[in-house]
Amino acid sequence: MARDILARTTASVSELKRNPMATVACGDGAAIAILNRNVPAFYCVPADEYAAMIERLENAELNVLAESRTDGPFVSVSLDEL
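Counting restarts for each chain, with residues numbered from 1 along the sequence as it is written. Local features in this predicted model are restricted to residues of pLDDT 70 or higher, and side-chain atom pairs are both shown and tallied only at a pLDDT of 80 or more, whereas totals for entire chains, interfaces and linings draw on every residue. Side-chain descriptors were evaluated using all non-hydrogen atoms of the structure, hydrogens and water having been removed beforehand.

Visitor: Please clarify how the sheet that holds strand β2 (residues 32–36) should be interpreted in this entry.
Guide: In any sheet, the strands associate via hydrogen bonds between backbone groups, in a parallel or an antiparallel arrangement. Strands are treated as partners if at least two bridges between them are detected by DSSP. Under the DSSP-based scheme used, a helix requires at least four consecutive residues in state H or I and a strand at least two consecutive residues in state E, with every element numbered from the N terminus. One open sheet holds the 3 strands; their spatial order is β1-β2-β3, and the pairing between them is mixed. With one partner strand each, in any of the chains shown, β1 (9–12) and β3 (39–44) form the two edges of the open sheet. The mean angle between the axes of side-by-side strands here comes to 35°, regardless of whether they run parallel or antiparallel. To obtain an axis, a line is fitted to C-alpha atoms, over the contacting stretch when the element is a helix, and the angle between two such axes runs from 0 to 180 degrees between their N-to-C directions.

Structure, rendered in structure tokens:
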């Protein structure tokens, strides 16, 4: 089965086992596709990139929540009225 590789850098499972930190460093802060028999098995994501991904997901969820709450009636007010 063909699969897209969603990373600029790839490494084999053997390379990851041999030297995990050097393998992660090869990605220069980005995710690395770990290949098993030339097929992506999983992605190795550095901690900073993972935290940024989680933050983007949380922001997307908050945007959906905020948009769902804008369905009510709107009342125009001026700054002086506040």
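Visitor: Would you take a moment to explain the nonpolar core for this structure?
Guide: Taken as a class, soluble globular proteins show a tendency for nonpolar side chains to be buried jointly. To define a nonpolar core, start from buried Ala, Val, Leu, Ile, Met, Phe, Trp, Tyr and Cys residues and group those joined through side-chain atoms within 4.5 Å. Note on exposure labels: buried denotes an accessible area under 20% of the residue type's maximum, exposed denotes more than 50%, and partly exposed covers the range between, all computed with a 1.4 Å probe on protein chains only. Ranked by size, the top nonpolar core spans 5 residues in total: A11, L16, I32, I34 and C44. Only heavy atoms enter the contact rule, under which two residues are in contact if any of them lie within 4.5 Å. Other than its neighbours up to four places away in sequence, A11 contacts T23, I32, A33, I34 and L35.

Visitor: I keep staring at the environment of V45 and nothing clicks. Help me out?
Guide: Within the element layout of this structure, V45 appears in the loop between β3 and α3 (47–68). We classify V45 as partly exposed; its relative accessible area is 27%. Separated by 14 residues in the primary sequence, V45 and A31 have C-alpha atoms spaced 4.4 Å apart. Not counting chain neighbours up to four residues away, the residues in contact with V45 comprise A31, Y50 and M53.

Visitor: Looking at this structure, how should I read the side chain of T23?
Guide: Considering the arrangement of structural elements, one finds T23 in helix α2 (residues 20–25). By relative accessible area, which is 7% here, T23 ends up buried. Side-chain atoms alone can form a polar contact between residues adjacent in sequence; in general such a contact is a pair of N or O atoms within 3.5 Å, and within protein one must be able to donate a hydrogen while the other accepts it. Polar side-chain contacts of T23 include one of 2.9 Å to the backbone oxygen of N19. Once you skip the residues sitting within four places of it in the chain, T23 turns out to touch A11, E15, L16, I32 and I34.

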